[in-house]
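Structural characterization, general
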Amino acid sequence: MTAPTAPEQPAGPSRHDLLTIGQLADRSGLATSALRYYEKLGLIHATRTTGGQRRYTRGTLRRVAFVRAAQRVGLSLGEARVALDRLPEHRAPSGAEWDGVATSWQDRIDEQIAELERLKAKLTGCIGCGCLSLNRCGLYNAGDRAGETGPGARYLLTRDPASGPEPAPAEAGDVGGR
């Protein structure tokens, strides 16, 4: 007579195991304050114990990794949330679900690449020009004239390097090109 065999346990933890916020922080490499912020934004979700402590499914690690990957390619947390809203929360996404999100990111990533190429061209031109003159420099911003066009590094972010430097301001009393 043989003894009845117990059903095999799955190797490793099941997806139903819950993590504390400290465990999630250790595994994800994020501070607990960042995880609470992600939760506040709706990027991740926790259940609460009767004592009010947060508990996260192991699948939350995948969602955190997804958010961090989105940020690495220049997407905002809002854009990451929109993408996560298109994916299942309690299971791994299918290939088709992931392809839909990846396709939606293509235009944004292409814009990032184009912006970096423009910045590279501007910096290369600036470093390589050798003018050493603030009167002719395309990045010089006397009197903060660029501030009138909006926030940020306006010349680096918006000007076409092929258009050349900003014209030098007219001197007081300069009439007719004298």
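Use the structure listed above.
Bear in mind the structure is a predicted one, so any value in this text is a computation, not a measurement. (Residues numbered from 1 in each chain as written. Predicted model: local features only at pLDDT ≥ 70, side-chain atom pairs only at ≥ 80, totals over all residues. Heavy atoms only, no water.)

1. Some words on the environment of Leu84
Basically, it comes down to this: Put simply, DSSP marks the helices as runs of H or I at least four residues long and the strands as runs of E at least two long, and each gets a number from the N terminus on.
Within the secondary structure, Leu84 sits in helix α4 (residues 77-85). With 17 residues separating them in the primary sequence, Leu84 and Val101 have C-alpha atoms 8.4 Å apart.

2. A few points about the sheet that holds strand β1 (residues 18-19)
Defined as follows: A pair of strands is labelled paired if DSSP reports no fewer than 2 bridges between them.
Strand order in this open sheet of 3 strands is β1-β3-β2, and the pairing throughout is antiparallel. The sheet is open, and its two borders are formed by β1 and β2 (47-48), each paired with just one other strand.

3. Structural notes on the side chain of Thr60
Quick note on the threshold: Accessibility here uses a 1.4 Å probe with only protein chains present; expressed as a share of the type maximum, an area under 20% marks a residue as buried, one over 50% as exposed, and anything in between as partly exposed. We call two residues in contact when some of their heavy atoms are within 4.5 Å.
Along the chain, Thr60 turns up in helix α3 (residues 59-72). For Thr60, a relative accessible area of 3% gives the class buried. With residues up to four places along the chain from it excluded, the contact list for Thr60 reads Leu24, Ile44 and His45.

4. Concerning the packing of helix α1 (residues 21-28) against helix α2 (residues 32-41)
This is how the line gets drawn: Fitting a line to C-alpha atoms yields each axis, with helices limited to the stretch in contact; the angle taken between N-to-C directions then spans 0 to 180 degrees. Oblique is the label for any angle not under 35 degrees, not over 145, and not in the 65 to 115 range, which are roughly parallel, roughly antiparallel and roughly perpendicular in turn. Note on residue classes: Ala, Val, Leu, Ile, Met, Phe, Trp, Tyr, Cys and Pro are nonpolar, Asp, Glu, Lys and Arg are charged, and everything else, Gly too, is polar.
As a packed pair, α1 and α2 sit with axes 9 Å apart at the nearest point and diverge in direction by 105 degrees. When the axis of α1 is compared with that of α2, the two are roughly perpendicular. In contact with Ile21, Gly22, Leu24, Ala25 and Ser28 of α1, α2 contributes Thr32, Leu35 and Arg36. Residue composition of the contact of α1 with α2, by class: 4 nonpolar, 3 polar and 1 charged.

5. Some remarks on a negative patch on the surface
To keep it simple, the criterion reads: Patch membership requires more than 30% relative accessible area and the absence of a salt bridge. Residues of like charge join within 9 Å; the nonpolar side chains Val, Leu, Ile, Met, Phe, Trp and Tyr join within 5 Å. Surface accessibility in these figures is a Shrake-Rupley result with a 1.4 Å probe; residues are shielded only by whichever protein chains are displayed. Salt bridges are counted wherever a side-chain nitrogen of Lys or Arg sits within 4 Å of a carboxyl oxygen of Asp or Glu. Only four residue types enter the charge count, namely Lys and Arg as positive and Asp and Glu as negative; His and the chain termini do not. Charge positions come from single atoms, namely NZ of Lys, CZ of Arg, CG of Asp or CD of Glu.
Judged by side-chain charge, Asp107, Asp110, Glu111 and Glu115 come together as a negatively charged surface patch. Locating Glu115 in the fold gives a position in helix α5 (residues 95-129).

6. Some details on the nonpolar core
Our working rule: Nine residue types can take part in a nonpolar core, namely buried Ala, Val, Leu, Ile, Met, Phe, Trp, Tyr and Cys, and a core is a set of them joined through side-chain atoms within 4.5 Å.
By size, the foremost hydrophobic cluster in this structure holds 23 residues, and its most contacted members are Leu35 and Tyr38. Those elements that provide at least two residues to this core are α1, α2, α3, α4 and α5. Element by element, the count of residues in this core is highest for α3, at 5 residues. Residues within four places of Leu35 in sequence aside, it is in contact with Ile21, Leu24, Ala25, Ser28, Leu30, Ile44 and Val64.

In short, the description is geometric, and any link to function would need to be established separately.
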